[in-house]
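In case you want the letters, here they are:
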Amino acid sequence: MIINNVALVLADEVVNGSLEMRDGRIASFSESTSRSPAALDGAGAYLLPGLVELHTDNLDKFFTPRPKVDWPAHSAMSSHDALMVASGITTVLDAIGVGDVRDGGHRRENLDKMIDAIRDSNRKGLNRADHLLHLRCELPHFSTLPLFEGLMSTPELALVSLMDHSPGQRQYASLEKYRDYYQGKYHLNDEQMDAFEREQLAFAAEWSQPNRQAIAGLCRLKGIAIASHDDATAAHVAESHQVGSQIAEFPTTLEAARASRACGMQILMGAPNIVRGGSHSGNVAAWQLAAEGLLDILSSDYYPASLLDAAFRLAADEHNGLSLADAVALVTRNPARALGLNDRGVIAEGLRADLVLVHTDHGHPHIRHVWNQGRQVY
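Cut-offs applied
Residues numbered from 1 in each chain as written. Predicted model: local features only at pLDDT ≥ 70, side-chain atom pairs only at ≥ 80, totals over all residues. Heavy atoms only, no water. Helix = DSSP H or I, 4+ residues; strand = E, 2+ residues; numbered from the N terminus. Buried < 20%, exposed > 50% of the residue type's maximum accessible area, 1.4 Å probe, protein only. Polar contact = N/O pair within 3.5 Å; in protein donor to acceptor, adjacent residues only side chain to side chain. Salt bridge = Lys/Arg side-chain N within 4 Å of Asp/Glu carboxyl O. Disulfide = S-S within 2.5 Å. Core = buried A, V, L, I, M, F, W, Y, C linked by side-chain atoms within 4.5 Å. Contact = heavy atoms within 4.5 Å. Phe/Tyr/Trp six-rings, centres within 6.5 Å; stacked < 30°, edge-to-face > 60°. Pairing = 2+ DSSP bridges. Axes fitted to C-alpha atoms, helices over the stretch in contact; angles between N-to-C directions. Bend = angle between axes of the 7 residues up to and from the residue. Parallel < 35°, antiparallel > 145°, perpendicular 65-115°, else oblique. Right-handed = clockwise from strand over helix to strand, strands pointing away.

Asker: Quick question: what am I supposed to make of the environment of H319 here?
Answerer: Here H319 is to be found in the loop between α11 (306-316) and α12 (324-329). Judged by its relative accessible area of 67%, H319 is exposed. Sequence separation between H319 and W287 is 32 residues, and the spatial gap between their C-alpha atoms is 9.3 Å. There is a polar contact of 2.9 Å between the side chain of H319 and the side chain of D317.

Structure follows, in structure tokens:
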């Protein structure tokens, strides 16, 4: 198949031309247009590599669309997969929580069901995007390590993040923000919230460090990539680096981002942070890190469409010095390379024909078509 009359977003530049794909791979591309009458006319749109998403909680929302609503697994997985490709995402790491911050939370109940849905739909060839697994390990919990030990040999497992959401830590260094969030999330009165906070502090004191060391050790043994999460200080980063973290997920301060770069870690920030102009939690803004040259990867986190939107917003902001090719690399090449997925993420001959055709009507990117290994999936 030939896609004609497009702006090809290559690794280092954008050129006008055409691209041919064959047998699921990029066969060739050229700075000239094809004369084939069967070629698809791209009408001057951008042709990007398929987006690579390392951290999205989106699957969880489809399994539990409302509190106490348990949705059928096949329908939930199919709807989630459709939203991924409609957002231009052709490779997605579905992030699933292991060890909830509140015993009995719906994430724990859905854990096996969600993983089974990913594996079953992959095996049956039902998915339009490539789905891998990201286990988000909540360290201050007694159930986390045994649950992880039972899941660490899952073939789809590609990334493990080490999280600590206990009060006074990282994202919740402010106890006021911690209380506001969890009191609202779990509908607790002041007395119940006081008891919850004490319980979480006790769990953290007993389980955080043993779980961090044990889970990181198992990941290193099995060659599973490790990500830190919400590091706020240079000391946090040193701890993450010591256990083998290669990716710094959502550092909350400029200090932590600089320390992560000094340790050679890839810095991942949320695309919603770019779209909204800052962090909803009051942490460092992703655009600030981009301006300092401290941004390597973007993740859609809780809003899949933000990934493409953020890349184009960064490219349009002249203050950070990022070209469109640089900005697109944050959502394609860089996340792919961080996991060793060297067969995708770049428009180059011989690589997978994972592609996204994007028009910028009225100043905003709009996805027209998506291909996964040369198969049109949107």
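Picking up where we left off.
Asker: What exactly am I supposed to notice about the pattern of salt bridges here?
Answerer: Side chains that differ in charge, positive against negative, can pair when their charged atoms come close. One pass over the structure, following the stated rule, counts 15 salt bridges. For the salt bridge of R368 with D361, the shortest nitrogen-to-oxygen distance reads 3.0 Å. Where salt bridges share partners, they join D130, D343, R344, R352 and D354 into one cluster.

Asker: Would you mind showing me how to read the state of the cysteines here?
Answerer: Note on terminology: disulfide describes a covalent bond linking the sulfur atoms of two cysteines. Scanning the model with the defined rule gives 0 disulfides in all. Free cysteine: C137, not disulfide-bonded; nearest cysteine sulfur from C219 at 6.8 Å. This cysteine, C263, is not joined by any disulfide, and C219 carries the nearest cysteine sulfur, 18 Å off.

Asker: What's the story with the nonpolar core in this structure? I'm lost.
Answerer: In a soluble, globular protein the nonpolar side chains are often hidden away together inside. Counting 36 residues, the largest nonpolar core has L48, M269, L298 and L314 as the members making the most contacts within it. When residues no more than four places from it in sequence are discounted, the contact partners of M269 are F250, P251, V284, A286, L289, L295, I297, L298 and S299. Listed in part, the 28 residues of the second largest apolar core include F63, A76, I118 and L218.

Asker: Help me understand the packing of aromatic side chains, please; the structure alone is not making it clear to me.
Answerer: Any two aromatic rings considered together are summarised by their centre-to-centre distance and by the angle between their planes. Counting across every chain of the model gives 1 aromatic pair. Ring geometry for Y46 versus F312: centroids 5.7 Å apart, planes at 65 degrees, classification edge-to-face. You can see Y46 sitting in strand β5 (residues 46-49) and its partner F312 sitting in helix α11, a full 266 residues away along the chain. With a relative accessible area of 12%, F312 lands in the buried category.

Asker: Explanation requested: the sheet that holds strand β6 (residues 51-56) in the structure shown.
Answerer: In a beta sheet, neighbouring strands are held together by backbone hydrogen bonds and run either parallel or antiparallel to one another. Taken together, the 8 strands give an open sheet; going across it, the order is β6-β7-β8-β9-β10-β11-β12-β13, and neighbouring strands pair in parallel fashion. Two strands close off the open sheet at either side, each with one partner strand: β6 and β13 (297-299). Adjacent strand axes in the sheet meet at a mean angle of 25 degrees, parallel and antiparallel pairs treated alike. Judged from the 4 bridges that link them, β6 and strand β7 (residues 89-98) form a sheet pairing that is parallel. The residue bridging V52 from the neighbouring strand is T91, located in β7. Of the strands in this sheet, β8 (130-138), β9 (157-163) and β10 (225-229) are in contact with helix α6 (residues 190-222), which crosses β9 at around 160 degrees.

Asker: In this structure, what is going on with α6? I would like to understand it.
Answerer: Side chains that are three or four residues apart share a direction in an α-helix, a result of its 3.6 residues per turn. Along α6, the sharpest change in direction is near 45 degrees and occurs at W207; proline P210 comes one to four residues later. Here α6 starts with a cap whose side-chain oxygen sits 3.1 Å from the backbone nitrogen of E191, and that cap is N189. A positive phi of about 75 degrees marks G223, the residue just after α6.

Asker: Where do I start with the environment of L188 in this structure?
Answerer: For L188, the position within the fold is in the loop between α5 (175-186) and α6. For L188, a relative accessible area of 11% translates into the label buried. Sequence separation between L188 and P72 is 116 residues, and the spatial gap between their C-alpha atoms is 29 Å.

Asker: What's the story with α11 in this structure? I'm lost.
Answerer: Within α11, 8 of the 11 residues are buried, leaving the element largely enclosed by the surrounding structure. Within α11, burial applies to S306, L307, L308, D309, A310, A311, F312 and L314.

Asker: Any chance you could explain the packing of helix α4 (residues 144-151) against α6 here in plain terms?
Answerer: Pairs of packed helices are described in terms of their axes, by the angle between the two and the distance that separates them. Interhelical geometry of α4 versus α6 gives an angle of 10 degrees and a closest axis separation of 10 Å. It follows that α4 is roughly parallel to α6 by the angle criterion. Touching T144, L145, F148 and E149 of α4 are N211, A214, I215, L218 and C219, all from α6.

Asker: Would you explain the pairing of strand β3 (residues 25-30) in this entry?
Answerer: Looking down a regular strand, the side chains alternate between one sheet face and the other. The pairing of strand β2 (residues 14-22) with β3 spans 5 bridges and is antiparallel. Among the inter-strand pairings, L19 is bridged to a residue of β3, identified as F29. Following β2, the chain reverses through 2 residues before pairing antiparallel with β3; D23 in that reversal takes a positive phi of roughly 55 degrees.

Asker: Help me understand unusual backbone geometry, please; the structure alone is not making it clear to me.
Answerer: With the exception of glycine, the majority of residues adopt a negative phi angle, and the majority of peptide bonds are in the trans configuration. Located in the positive-phi region is D23, a residue other than glycine, with phi close to 55 degrees. In this structure, D23 sits in the loop between β2 and β3. Positive phi, close to 55 degrees, is recorded for A43, a residue that is not glycine. Mapping A43 onto the fold places it in the loop between β4 (40-41) and β5. On the basis of relative accessibility, which here comes to 51%, the residue A43 falls in the exposed class.

Asker: Can you help me understand the pairing of β8 in this one?
Answerer: In terms of burial, β8 is largely enclosed, as 7 of its 9 residues are buried. Here 8 bridges tie β7 to β8, and the two strands are oriented parallel to one another. Within β8, the position partnered with G97 by the bridge is R136. Each parallel crossover has a hand, and for β8 linked through α4 to β9 it is right-handed.

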